[in-house]
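Remarks on the overall topology
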Amino acid sequence: GQTWSTPVPARVNIGGTRRAVLLVGGGYDTGQGTTLYSSDSIGRGIYMLDAETGARLWWAGPGGSGADLENASMTISIPGDIRVLDMSGDGLADRMYAADTGGRVWRFDINNGGSGASLVTGRVLASLGAADMAVPTTADSRRFYYAPDVALIQKTATNPSYINIAIGSGYRASPNNVFVRDRFYALRDYDVFNTLTGADHAARPVITEAD
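Residues numbered from 1 in each chain as written. Predicted model: local features only at pLDDT ≥ 70, side-chain atom pairs only at ≥ 80, totals over all residues. Heavy atoms only, no water.

1. Regarding the sheet that holds strand β10 (residues 149–153)
Let me state the cut-off plainly: At least two DSSP bridges between two strands are required for those strands to pair. Strands are runs of DSSP state E lasting at least 2 residues, helices are runs of H or I lasting at least 4, and numbering of each runs from the N terminus. Helix axes are fitted to C-alpha atoms over the stretch in contact, other axes to C-alpha atoms as well, and angles between N-to-C directions run from 0 to 180 degrees.
Overall, antiparallel pairing links the three strands, which are arranged β10-β11-β12 in an open sheet. Two strands bound the open sheet, and with one partner strand each, they are β10 and β12 (184–189). Sheet twist, expressed as the mean angle between neighbouring strand axes with direction ignored, is 20°. In terms of strand pairing, strand β11 (residues 162–168) meets β12 through six bridges, oriented antiparallel. Bridge assignment links isoleucine 165 to a residue of β12, and that residue is leucine 187.

2. Some words on empty space enclosed by the protein
For clarity, the threshold we go by: Here a cavity denotes a set of grid points, spaced 1 Å apart and computed over the protein atoms alone, in which a 1.4 Å probe fits but from which it cannot get out, and a pocket denotes an open set meeting protein on both sides within 12 Å along at least five of seven lines; residues with an atom within 4 Å of a point are reported as lining. Grid points are joined across faces, edges and corners, and a volume is the space filled by probe spheres set on the points. Polar here means any residue other than Ala, Val, Leu, Ile, Met, Phe, Trp, Tyr, Cys and Pro, which are nonpolar, and Asp, Glu, Lys and Arg, which are charged; Gly is therefore polar.
Evaluated as defined, the whole model comprises one cavity of 30 Å³ or more. What the largest cavity holds in volume is close to 50 Å³. Taken together, Arg107, Arg123, Val124, Leu125, His201, Arg204 and Pro205 make up the full set of residues lining the largest cavity. It is strand β9 (residues 120–127) that provides the largest number of residues to the lining of the largest cavity, a total of three residues. Of the residues in the lining of the largest cavity, the class split is three nonpolar, one polar and three charged.

3. Some thoughts on the pairing of β9
Here is the rule: The buried label goes to any residue with under 20% of its type's maximum accessible area, the exposed label to any with over 50%, and the partly exposed label to all in between, with areas taken from a 1.4 Å probe on protein chains only.
The buried fraction of β9 is high, at seven of eight residues. Pairing between strand β8 (residues 104–110) and β9: seven bridges, direction antiparallel. The residue of β9 that forms the bridge with arginine 104 is serine 127. As paired strands, β9 and strand β13 (residues 207–208) are joined by two bridges and run parallel to one another. When the bridges of β13 are listed, alanine 126 appears paired with isoleucine 207.

4. Examining the sheet that holds strand β5 (residues 69–70)
Strand order in the open sheet formed by five strands is β1-β2-β3-β4-β5, with mixed pairing between adjacent strands. Among the strands making up the open sheet, the edge pair consists of β1 (8–14) and β5. Pairing of strand β4 (residues 56–61) with β5 involves two bridges; the strand directions are parallel. The residue bridging glycine 61 from the neighbouring strand is glutamate 70, located in β5.

Next up, the structure:
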């Protein structure tokens, strides 16, 4: 897709070797210029590149794409930056958050030391637009063009720690549009320091507009 996503530098242990990498979203599909939600043919992915050579080290994409991490929900472009975190403080990236133009927010966990299909697990954390609706409406065709903003909220005597994920939707192709019901969201991810497996991700309920 169109290269809107700024590459984010990080370090990752791939197969026992620390590598300098760049993480980038797949890009923007101009098909999103229509008001009603539709799936995309390009930009449907996240890429991890070797920062020195540019070689692709890992990527996530839709089902049947041959990606290291395939997900049937990755049907829509990811134009924004990838939010990359080091939750363990060891200098290695181990968490990513991303958002797509279908109104979804994604969480990915990097398993440092792994490679290929075992390097990263991930899934949709929240679906807040029309992408997962059986009958999409114009009002619900919310799009995310930028990375979520994240903040660690420390636990109190009565509440556990969580990562607050803040993100606002918009419609850059038509900023004056009044038919899409755009919103600003604050989401809570309570699995703060855990590296989730594929099974862990699959067991978690997806946050929806009804929540």
